[in-house]
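Working through the structure, step by step
What follows is each chain in one-letter form.
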Amino acid sequence: MLAYTYVESGKFELQEKPIPELQDACDAIVRVTISSICTSDLHIKHGSVPRAIPGVTVGHEMVGVVEEVGSGVISVKPGDRVTVNVETFCGECFFCKHGYVNNCTAPNGGWALGCRIDGGQAEYVRVPNADQGLNRIPDAVSDERALFVGDVLATGFWATRISEISESDTVLIIGAGPTGICTLLCVMLKRPRRIIVCEKSPERIQFIREHYPDVLVTEPESCRDCVLKNSIHGGADVVLEVAGSEDTFHLAWNCARPNAIVTIVALYNHPQLLPLPDMYGKNLTFKTGGVDGCDCAEILNLIEEGKIDTTPLITHRFPLNKIEEAYHLFENKQDGVIKVAISK
């Protein structure tokens, strides 16, 4: 089968690999119908994910059809259309039982697919702990509508949940890339008083204005003034930082009101300085870390009910044998790309 492979830092390559086989009673083999490219894949390519193993098939954002299951799998069966969770988790350890599935202590717990074990930018993928990692797609939901459930949409949902948003809040989202837009969709479900999105790309600013006209959009240079003008208590009640640069990290806490929640969704390439002397007295609560992707069933229900629609994010489509072109487009942010769908 064709599989897009991490060869070494700075190099991915489309290779021929054997179709994966069951290795454990809790495994499932999924025939991938559509996958996508995530910014985290680029972090692997650029050497920013030390735990990524050379030779691994990349990709952790996918949907497909179950082909085979181990004897211990009970939640799905061959023929089921499924979303695949970005995280592998056992459901039994201390962290899983508390909903912290990103920190699962199983051997492949946390983000393993496309990083430490073969992922889904391929024709087939082996999914460990399939009862936790796969969710059946409702018949009325297309593969494309479900494509982002297991990763980027789960991230936005998780970030919104831990941010404790209320209807009286002014919420600032920094970054309108794919994760920022998915975060926006989930924040909108909370119906806060005001949502402000900060973005510097003209194409993405236009995307937000076209699809979400009730959302205020500002550029980084005018962000703080915009937040002060449109908030009640001297800053945003909740800030979600989804962009991932030194400037946006500084902007996030600087635009927050005293006693606000600042949720760091972004994955940074470099350490960030926490300037505690400058922050002293703001009494901010920071929430950081990787997504706990344990809400996929609820997200699928929301999609089926028409409350979340991520299909406008798919701006480009490529077959697997042209995935190099897709990566070039996505990495260089060409042609107004938001997300790419890779079909098999």
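Residues numbered from 1 in each chain as written. Predicted model: local features only at pLDDT ≥ 70, side-chain atom pairs only at ≥ 80, totals over all residues. Heavy atoms only, no water.

1. A short note on the overall build of the protein
Broken down by element type, the protein carries 12 helices and 17 strands. Relative to the globule expectation of 20 Å for 344 residues, the C-alpha radius of gyration of the protein, 20 Å, shows essentially globular dimensions. Dimensions of the protein along its principal axes, counting C-alpha atoms only, are 55 × 40 × 40 Å. For the protein, with 344 residues in total, the buried portion stands at 56%. For the protein, contacts bridging at least 24 residues in sequence account for 70% of all contacts bridging at least 6. Summed over its atoms, the accessible surface of the protein is roughly 15000 Å², and 48% of this surface lies on carbon and sulfur atoms. Averaged over its 31 positive side-chain charges, the protein has a centre that lies 4 Å from the centre of its 45 negative ones. (Helix = DSSP H or I, 4+ residues; strand = E, 2+ residues; numbered from the N terminus. Rg over C-alpha atoms; globule rule 2.2 N^0.38 Å. Buried < 20%, exposed > 50% of the residue type's maximum accessible area, 1.4 Å probe, protein only. Contact = heavy atoms within 4.5 Å. Areas by Shrake-Rupley, 256 points an atom, 1.4 Å probe, with all protein chains shown as cover. Lys, Arg positive; Asp, Glu negative; His and termini not counted. Charge placed at Lys NZ, Arg CZ, Asp CG, Glu CD.)

2. Considerations on the pattern of salt bridges
A full pass over the atoms with the stated rule returns 14 salt bridges. A salt bridge links D295 to R161; the nearest nitrogen and oxygen atoms lie 3.0 Å apart. With D295 in the loop between β15 (285-288) and α11 (296-304) and R161 in helix α5 (residues 152-162), this residue pair connects regions lying 134 residues apart in the sequence. Looking at D295, the relative accessible area reads 14%, which means it is buried. (Salt bridge = Lys/Arg side-chain N within 4 Å of Asp/Glu carboxyl O.)

3. Digging into the pairing of strand β4 (residues 62-69)
In this structure, strand β3 (residues 28-36) lies alongside β4, joined through seven bridges in antiparallel fashion. Bridging from a neighbouring strand, I29 pairs with E68 of β4. Strand direction decides the pairing type here: β4 and strand β5 (residues 81-84), joined by four bridges, are antiparallel. Directly across from V65, in β5, lies its bridge partner R81. (Pairing = 2+ DSSP bridges.)

4. Topic: the environment of V238
Within the secondary structure layout, V238 lies in strand β13 (residues 236-241). Since its relative accessible area comes to 2%, V238 is described here as buried. Linking V238 and I19, residues 219 residues apart in sequence, is a C-alpha distance of 46 Å. Not counting residues up to four positions away in its chain, the partners in contact with V238 are S163, I165, D169, T170, V171, L172 and I261.

5. Focus: the packing of α5 against helix α6 (residues 178-188)
Each packed pair of helices is defined by two parameters, the angle between the axes and the distance between the axes. Put simply, α5 and α6 touch, their axes get as near as 8 Å, and they point 50° apart. On the basis of their axis angle, the class for α5 and α6 is oblique. Pair α5 / α6 crosses with right-handed handedness. On α6, the residues touching V152, L153, T155, G156, F157 and T160 of α5 are P178, T179, C182, T183, C186 and V187. Grouping the constituent residues of the contact of α5 with α6 by class yields seven nonpolar, five polar and no charged. (Axes fitted to C-alpha atoms, helices over the stretch in contact; angles between N-to-C directions. Parallel < 35°, antiparallel > 145°, perpendicular 65-115°, else oblique. Left-handed = near helix turned anticlockwise from the far one by under 90°. Nonpolar A, V, L, I, M, F, W, Y, C, P; charged D, E, K, R; others polar.)

6. Considering the sheet that holds strand β14 (residues 256-264)
Spatial strand order, β12-β11-β10-β13-β14-β15: six strands in an open sheet with parallel pairing. Only two strands of the sheet have a single partner each, and these edge strands are β12 (216-218) and β15. Between one strand and the next, the sheet's axes are offset by a mean angle of 20°, whatever the strand orientation. Across three bridges, the pairing between strand β11 (residues 194-198) and β12 is parallel. The partner of V197 across the bridge, within β12, is V217. Of the strands in this sheet, β10 (170-174), β11 and β13 touch α6, which is tilted by about 165° from β10. Sheet strands touched by helix α9 (residues 246-254): β10, β11, β13, β14 and β15. Its angle to β14, the strand with the most contacts, is close to 140°.

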